[in-house]
Amino acid sequence: MKYIDEYRNEADAQKFIAAIQRVATRPWTIMEICGGQTHTLIKFGIDRMLPERVTLVHGPGCPVCVTPLELIDKAIAIARRPEVIFTSFGDMLRVPGSRDDLLSIKARGGDVRMVYSPLDAVKLAQKNPARQVVFFAVGFETTAPGNAMAVWQAKQLGVQNFSILTSHVLVPPAMEALLGSPNNRVQGFLAAGHVCTVMGYWEYEPIAAKYRVPIVVTGFEPLDLLQGIYMTLQQLEAGRVQVENQYTRAVRREGNLPAQKLIAQVFEVTDRKWRGIGEIPRSGYRLRDEFAAFDAEKRFDVGAVTAQESPLCIAGEILQGLKRPRDCAAFAKQCAPEHPLGAPMVSSEGACAAYYQYSVSSIQYSVESDTEH
Amino acid sequence: MTDLTSATCPIPISDYPHVTLAHGGGGRLTQMLIEKMFVPSFANAALETLHDGAILDAPNARLAFSTDSFVVHPIFFPGGDIGSLAVHGTVNDLAMCGARPLALSSALILEEGLPMQDLWRVVQSMQNAARTVGVPIVTGDTKVVDRGKGDGVFINTTGVGVIPANVHVAPTRAQVGDVILINGAIAEHGIAIMSVREGLEFETALQSDSAPLHDIVARVLDAAGERVHVLRDPTRGGLASTLNEIAASARVGVRLNEAAIPLADAVRGACEILGLDPLYVANEGKFLAIVAREIAEQVLAAMRAHPLGARAAIIGEIVAEHPGKVYLRSRIGGMRVVDMLSGEQLPRIC
């Protein structure tokens, strides 16, 4: 299949592995920002093919994982209302709030529906004029244009029974928060290709310069990631600090200008709380005042929900690349996909879910075989 | 009399005070219901094999006995409908016991308000499928529930079949050295259904693979007889869940080769876009045959000679390492675990 097979070619992958072996002469720690990249790395076994001196740590780029617990509780409070059709991307439905998740609300009679596009939620509102249709608009810059378009269309079409519960977050402020932390150990970044498809990569140039850290805009296929890792290592070994673009087939420096224009029409930058990380200044979007009528938090008066995280969950440290899922005492014990303590265990972009699904059995197996010898 | 109120529910109520859709998804939560609630409650030898059907000894014969309920939405979908699916599903469960199907029952649960024309289409489709298979629908039942209490039509079919004397298939018979074959491309049913579901509609020419497998299975059994060790149809939960079940019940390891698993481009494209792993997507016209290595090429040829096996392939093997686990060699040569999912896969955000 075009655009897939050529990026999953075994012979080319082996060439990159060999090149990485040659170029990496010292230990290096690289963070892939996006949870989709984490999953590719583990799903294709790339983590086990790399030399030990190259350490990959997994970044905060899992929209489901960083959505604040309070907001999930608010979503649940809204979804329980009989007049509401609560719509969401599939990923969000299993994420634990402080007591429930959205799927369990559905099990108890709430009208919770999965949609693939926020525009489908607008259509659903048009088809159900007597109901309130709410879309759970989370995500990074990647989903912002679609969510902005849904609100913009609803306003143009006069669809008054549509609103969004939003918690948009932005990558560059999160990278700065990580790099500014005294615990930081990340020496190079793989930036998320799809975020850069929308926003371009000019925003990363000042970050690279200020923190002396190479950044390579990287795609999502196995060969994209191998090439991104190779390019980052080349910079690190040579002492270069640049923003480079591995994902040239999709990303331009300035990004997608019409999409950026639409985002700016509908959203404005605001401070945001990130689940597990805390408040980061100017790190998200909220609806502009002209679109405040489409803000579900205002429409349903759920302002005062507060929530408590599980004390066992180390999601925050995992999302900041300080620890890996296997470092967590609750991993695959108290915390598993059927009874998650934190969001990274349920999302298809969560690091804990990737380790659990693609490698937990191997841990058990190696423990078993160790005891035999 | 047993005091039922004093018996403790084996499913941890703190985790699952209510049944969720994931309990019917064919993954780990379905397994939990079966292992913790159903098997201990109904405990008996025929049930405990956890096969697609029970194998019962009768005078001068071994019978296969299987039941399945169909709750697919929408009831008409590209490549089939709930009627033909209900016939194929139970015929296939019998075929996976190595049985020749003898007869089927049909129990309909209809929702008040279902258009009579839709019911007629479903019933005609059941009859067409049954005639094609050559299995009569010999008994049945009809119930109607209040509007809003059903989803148009639910169908249960139950079937009996006869197992030839030289056939001994069971999930526990998978042996180290055996070879795993499949009769064609995976994930077509699940993706075809998803393409017409509200909220996820996308345009595709893709059709469900719903088909009766008794005939191609008979060819495989003709070619290899007792050297066919396991037959399973990877329906709900897909190839990954089925192979995990086999690995667990036979206490063997499964090694898959991703590049060898047949997959249509349209399915692959849809899975890439939706963020789904085709290994977990449902099939309704595919089966796995786990056979002795020396007969594998003949079984492959027998499959390919049948219209339902044109894209048949050898996709993996049974190994002594990592008993109970499924490993996959990825397209780029890395290894990873293929685990069971806890529920249904959900499309991702981005």
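Scoring rules and cut-offs
Residues numbered from 1 in each chain as written. Chains lettered and ligands numbered in written order. Predicted model: local features only at pLDDT ≥ 70, side-chain atom pairs only at ≥ 80, totals over all residues. Helix = DSSP H or I, 4+ residues; strand = E, 2+ residues; numbered from the N terminus. Rg over C-alpha atoms; globule rule 2.2 N^0.38 Å. Buried ≥ 20, exposed ≤ 12 C-beta atoms within 10 Å, placed from the backbone. Contact = placed C-beta atoms within 7 Å. Pairing = 2+ DSSP bridges. Axes fitted to C-alpha atoms, helices over the stretch in contact; angles between N-to-C directions. Nonpolar A, V, L, I, M, F, W, Y, C, P; charged D, E, K, R; others polar. Domains from an automatic or database assignment. pLDDT = per-residue confidence, 0-100. Expected span 1.5 Å × (residues − 1). Arc of directions from axis to C-beta. Bend = angle between axes of the 7 residues up to and from the residue. Parallel < 35°, antiparallel > 145°, perpendicular 65-115°, else oblique. Left-handed = near helix turned anticlockwise from the far one by under 90°.

Chemist: Please explain the overall build of chain B as it appears in this structure.
Modeler: Tallying secondary structure elements over chain B gives 9 helices and 14 strands in all. Radius of gyration (C-alpha) of chain B: 20 Å, near the 20 Å computed for a compact globule of 350 residues. With the principal axes as the frame, chain B shows a C-alpha extent of 60 × 55 × 50 Å. Per-residue burial for chain B yields a buried fraction of 47% across its 350 residues. When contacts within chain B are restricted to residue pairs at least 6 apart in sequence, long-range pairs at least 24 apart make up 83% of them.

Chemist: Looking at this structure, how should I read the sheet that holds strand 1 (residues 54-58) of chain B?
Modeler: Two orientations exist for strands paired in a sheet by backbone hydrogen bonds: parallel and antiparallel. All names here are of chain B. Spatially, 1-2-7-5-6 is the arrangement adopted by the 5 strands of the open sheet, whose pairing is mixed. The open sheet terminates on both sides in strands that have one partner only, identified here as strand 1 and strand 6 (137-145). Direction aside, neighbouring strands of the sheet carry axes that sit 20° apart on average. Note: strand 5 (residues 100-111) against strand 7 (residues 153-163), 10 bridges, orientation antiparallel. Bridge pairing in strand 7 places Ser106 opposite Thr157.

Chemist: Sorry, what's going on with the sheet that holds strand 5 (residues 132-139) of chain A here?
Modeler: All names here are of chain A. Strand order in the open sheet formed by 6 strands is 4-3-5-6-11-10, and the pairing between neighbours is mixed. Each end of this open sheet is capped by a strand with a single partner; those strands are strand 4 (112-114) and strand 10 (267-274). When strand polarity is set aside, the average angle formed by the axes of neighbouring strands in this sheet is 25°. Direction of pairing for strand 10 relative to strand 11 (residues 278-287): antiparallel, over a ladder of 7 bridges. Looking at strand 11, one finds that Glu268 is bridged to Arg286. Helix 9 (residues 171-179) rests against strand 10 and strand 11 of the sheet, and its axis sits at about 175° to strand 11.

Chemist: Sorry, what's going on with the interface of chain A and chain B here?
Modeler: The figure often quoted for interface size is the accessible area lost as the parts come together. The partner chain B presents 31 residues to the 46 residues of chain A that form the contact. Counting residues per element, the side of chain A that touches chain B draws most heavily on helix 16 (residues 351-372) of chain A, which supplies 7 residues. When the residues that make up the side of chain A that touches chain B are grouped by side-chain class, the tally is 21 nonpolar, 14 polar and 11 charged.

Chemist: What is the right way to read unusual backbone geometry from this model?
Modeler: Working note: non-glycine residues mostly have negative phi, and peptide bonds are mostly trans. Residues and elements named next belong to chain B. Backbone torsion omega between His73 and Pro74 reads -5°, so that peptide bond is classified as cis. With respect to the secondary-structure elements, Pro74 resides in the loop between strand 2 (61-70) and strand 3 (76-77). At Asn60, a residue that is not glycine, the phi angle is positive and equals roughly 65°. Within the fold, Asn60 resides in the loop between strand 1 and strand 2. Judged by the 6 C-beta atoms lying within 10 Å of it, Asn60 falls in the exposed class. Backbone geometry places Arg251, a non-glycine residue, at a positive phi of 55°. Here Arg251 is to be found in the loop between helix 7 (238-250) and strand 10 (253-257). Classification of Arg251 as exposed rests on a count of 10 C-beta atoms within 10 Å.

Chemist: What am I meant to see in the domain arrangement of chain B here?
Modeler: Residues and elements named next belong to chain B. Along its sequence, chain B is organised into domain 1 (53-163) and domain 2 (171-337). Taken together, the contacts link 19 residues of domain 1 with 19 residues of domain 2. Sorting the residues of the side of domain 1 that touches domain 2 by element identifies helix 3 (82-96), strand 5 and helix 4 (116-133) as the ones contributing at least two each. Take the side of domain 1 that touches domain 2: its biggest share by element is 8 residues, from helix 3. A per-class count over the side of domain 1 that touches domain 2 returns 10 nonpolar, 8 polar and 1 charged.

Chemist: How do you make sense of the domain arrangement of chain A when you look at a structure like this?
Modeler: Residue and element names in this part refer to chain A. Looking at chain A, the domain boundaries give domain 1 (5-63 + 171-245), domain 2 (65-169 + 255-299) and domain 3 (315-366). Counting residues at the interface gives 15 residues for domain 1 and 16 residues for domain 3. Taken together, the elements giving at least two residues each to the side of domain 1 that touches domain 3 come down to helix 2 (35-43) and strand 2 (54-61). A total of 6 residues in the side of domain 1 that touches domain 3 trace back to one element, the largest contributor, which is helix 2. The class makeup of the residues in the side of domain 1 that touches domain 3 is 7 nonpolar, 7 polar and 1 charged.

Chemist: Looking at this structure, how should I read the pairing of strand 13 (residues 326-329) of chain B?
Modeler: Consecutive side chains along a regular strand alternate between the two faces of the sheet. Residue and element names in this part refer to chain B. By the bridge criterion, 4 bridges tie strand 10 to strand 13 in an arrangement that is parallel. Note on strand 13: the bridge partner recorded for Asn257 is Arg329. By the bridge criterion, 3 bridges tie strand 13 to strand 14 (residues 335-337) in an arrangement that is antiparallel. Its bridge partner lying in strand 14, Arg329 is registered against Met335.

Chemist: Can you help me understand the confidence of the model for chain B in this one?
Modeler: Chain-level pLDDT for chain B is 92 on average; 95% of the residues reach the 70-or-more range. ipTM for the predicted complex: 0.80, alongside a pTM of 0.86.

Chemist: Looking at this structure, I do not really get helix 4 of chain B. What am I missing?
Modeler: Three- or four-residue spacings in an α-helix give side chains the same orientation, since the helix completes a turn every 3.6 residues. Residues and elements named next belong to chain B. Look at helix 4: 26 Å from first C-alpha to last across 18 residues, which is about the 26 Å you get at 1.5 Å a residue. Along helix 4, the positions that sit buried rather than exposed are Val122, Ser125, Met126, Ala129, Ala130 and Val133. Viewed end-on, helix 4 has its buried residues packed into an arc of 130°, placing them on one side of the element. Within helix 4, the exposed residues directed more than 90 degrees away from the buried face are Met116, Gln117, Trp120 and Arg131.

Chemist: What exactly am I supposed to notice about helix 1 (residues 28-42) of chain B here?
Modeler: Between its first and last C-alpha atoms helix 1 of chain B spans 20 Å; for 15 residues at 1.5 Å apiece the expected length is 21 Å, and the two agree. Of all the bends in helix 1 of chain B, the greatest measures close to 30° and is centred on Ile34 of chain B.

Chemist: What's the story with the pairing of strand 1 (residues 28-34) of chain A in this structure? I'm lost.
Modeler: Residues and elements named next belong to chain A. The element strand 1 is extensively covered by neighbouring structure, given that 6 of its 7 residues are classed as buried. Looking at chain direction, strand 1 and strand 2 are connected through 6 bridges and run parallel. When the bridges of strand 2 are listed, Glu32 appears paired with His58. Pairing of strand 1 with strand 7 (residues 188-192) involves 3 bridges; the strand directions are parallel. Note that in strand 7 the partner of Met31 across the bridge is Phe189.

Chemist: What exactly am I supposed to notice about the environment of Pro63 of chain A here?
Modeler: Along the chain, Pro63 of chain A turns up in helix 4 (residues 63-66). With 294 residues separating them along the chain, Pro63 of chain A and Gln357 of chain A place their C-alpha atoms 19 Å apart.

Chemist: How should the packing of helix 1 (residues 10-23) of chain A against helix 12 (residues 222-238) of chain A be read in this particular structure?
Modeler: A pair of packed helices can be characterised by two numbers: the angle between their axes and the separation between those axes. All names here are of chain A. With their axes 10 Å apart at the nearest point, helix 1 and helix 12 run at an angle of 15° to one another. Between helix 1 and helix 12, the interaxial angle falls into the category roughly parallel. In this structure, helix 1 meets helix 12 at a crossing whose hand is left-handed. Contacts from Asp12, Ala13, Phe16, Ile17, Ala19, Ile20 and Val23 in helix 1 reach Pro222, Leu223, Leu226, Gln227, Ile229, Tyr230, Leu233, Gln234 and Glu237 in helix 12. Looking at the contact of helix 1 with helix 12, its residues break down into 12 nonpolar, 2 polar and 2 charged.

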